[in-house]
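Residues per chain are reported as follows:
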Amino acid sequence: MPHDHDVAISRLHRTARPARGPFGAMTGVDSQNGGEPPKLEVEDDAGRRRVRLTGSWRLFNVSDHRKRLAAELEALDSPTEMTWDLSDISALDSAGAWVLWQAWGGQEPAELNCRDPHRQRFERLANAPEVPPRERRLSLIDLLDRLGGDLIAVARHVGGMIALLAGVLVDIGTCTVRWRLIPWREITAAIYRSGVSSIVLLGVTGYVIGVVMSLQIGVTLSSFGANQRIIGLMGLAVLRELGPVIAALIQAGRAGSSITAGIAGMHLTEELDALKTFGSSPRLRLVTSRVIAMMITMPLLVVWTDGAEIMGGATTAQLDLNVPFALFIARLPESVQMYNFWLGLAKGAIFGLIIALVGSYFGLTARANTDSLSSQTTRSVVVGLSLILIIDALSGAILAKMGLI
């Protein structure tokens with residue numbers, strides 16, 4: 001009967017078809033390679049637990065049974081202390097080796113029985129470079145935590161600088177009563193290092209800035225036929241703003257970093273401890289002397305920078321705007337009030353105080369290692385530059401509100 005024969009063959013095919021799991025994976029045999037699914041069995045071998053692996057530990061098999069394998073491997077207690085027997089597995093590729101390597105915590109177990117080709121896969125995993133951990137996305141709580149930590153650090157630094165300034169004022173008051181305590185040698189040395197050695201740099205920089213300012217302003221003035229207005233504009237800009245600010249910014253990067261690095265280096269050589277041992281005040285010798293020196297030096301450097309910028313502006317005005325050099329110098333006192341000159345000197349003294357105080361504070365708070373020395377020097381320059389610009393802007397706004405400028 002041909003009809004009954006066809007029905008029997010159809011039933012045979014249905015019973016021979018391998019069963020599939022809930023995700024379409026074949027549970028009886030491997031769907032791609034025809035091998036048995038990966039299995040592990042835990043046995044007791046003379047009081048020592050032995051993990052015996054069977055089946056095909058290849059990519060498709062491991063993927064089909066990943067949840068079961070992950071649960072079984074995670075349930076093992078101290079897997080690296082067990083004996084692992086891989087001699088009965090039919091196949092092992094990089095995916096299967098990686099699953100086992102992760103279960104072992106990135107190291108080979110104490111006793112591993114496997115074939116040489118399989119052992120080579122684990123050796124390659126052991127010698128592979130470490131993959132850096134993936135950065136997780138910051139949440140709102142993390143951002144708020146960072147912001148709070150930064151605000152606390154800023155408040156701590158501000159409090160430390162105020163306390164250091166108070167100590168410097170106490171030292172200055174003490175020195176006015178007891179003249180013998182004045183650190184003359186340290187003050188004169190700081191004046192030379194922060195002042196005399198900066199003359200060439202400030203002179204060249206000031207002259208170039210004067211040339212550029214005169215060129216930029218002169219283009220606009222010449223279009224209106226008001227070439228001689230360059231005298232008043234240059235004088236006002238230089239004496240009130242450019243001279244003090246340019247000198248302070250350069251000194252914050254040059255002298256401020258030198259102060260921080262010099263004091264921080266004393267932590268490495270234990271010179272600060274030696275000063276305390278001899279009964280000398282580190283604050284008086286290292287901080288107060290530098291503050292006094294910078295408050296003396298900065299107004300003088302402002303005058304020098306003002307002169308260099310005006311020379312550059314006057315030279316360019318003669319060459320580009322046909323304003324005689326002698327006329328520029330003669331008309332300058334008439335075009336700019338003397339008050340602006342004294343305001344620039346006062347700014348220079350304040351900026352000198354900021355540079356010395358910030359540099360000394362970050363030098364004293366440095367730790368006795370080179371990493372801290374470099375990081376504190378960087379912070380000193382950044383904070384010094386920021387404070388100079390902030391105080392200059394605030395002083396300009398306050399003086400404008402008071403009608404003084």
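The structure we're discussing is the one just above.
Just so we're clear, the structure is a prediction, and the values are computed from it rather than from any experiment.

**Q** Before we go on, may I ask you to explain the pattern of salt bridges in this structure?
**A** Between side chains of opposite charge, a pair can form as their charged atoms come close. Taken as a whole and judged by the stated rule, the model has ten salt bridges. For the salt bridge of Glu108 with Arg119, the shortest nitrogen-to-oxygen distance reads 3.3 Å. Of this pair, Glu108 sits in the loop between helix H4 (94-103) and strand S4 (111-113) while Arg119 sits in helix H5 (residues 116-127), placing them eleven residues apart in sequence. For Arg119, a relative accessible area of 23% puts it in the partly exposed group. Between Arg285 and Glu186 there is a salt bridge; the shortest N-O distance is 3.5 Å. Note that Arg285 is positioned in helix H11 (residues 282-320) and Glu186 in helix H7 (residues 184-194), a separation of 99 residues in sequence. Judged by relative accessible area, Glu186 falls into the partly exposed class, the value being 25%. Look at the salt bridges and you will find they share partners, linking Glu41, Arg52 and Asp88 into a network.

**Q** How should the packing of aromatic side chains be read in this particular structure?
**A** For any pair of aromatic rings, the description rests on two quantities: the centre-to-centre distance and the angle between the ring planes. Per the stated rule, a full pass over the model turns up six aromatic pairs. Where Trp84 meets Trp104, the ring centres are 5.3 Å apart and the plane angle is 75°; that geometry is what we call edge-to-face. Here Trp84, found in strand S3 (residues 83-92), pairs with Trp104, found in the loop between H4 and S4; they are 20 residues apart in sequence, far enough to count as distant. This pair shows no difference in class: Trp84 is buried, exactly as Trp104 is.

**Q** I tried to follow H7 on my own but got confused; where do I start?
**A** At 3.6 residues per turn, the α-helix brings residues three or four places apart onto the same side. Those residues of H7 not exposed but buried are Ile187, Ala190 and Ser194. Down the axis of H7, the smallest arc covering the buried residues is 65°, so these residues share one side. Residues of H7 that are exposed and point over 90 degrees away from its buried face: Trp184, Arg185 and Tyr192. Looking at the buried side of H7, the elements it contacts are helix H9 (230-269) and H11.

Procedures and definitions
Residues numbered from 1 in each chain as written. Predicted model: local features only at pLDDT ≥ 70, side-chain atom pairs only at ≥ 80, totals over all residues. Heavy atoms only, no water. Salt bridge = Lys/Arg side-chain N within 4 Å of Asp/Glu carboxyl O. Helix = DSSP H or I, 4+ residues; strand = E, 2+ residues; numbered from the N terminus. Buried < 20%, exposed > 50% of the residue type's maximum accessible area, 1.4 Å probe, protein only. Phe/Tyr/Trp six-rings, centres within 6.5 Å; stacked < 30°, edge-to-face > 60°. Arc of directions from axis to C-beta. Contact = heavy atoms within 4.5 Å.

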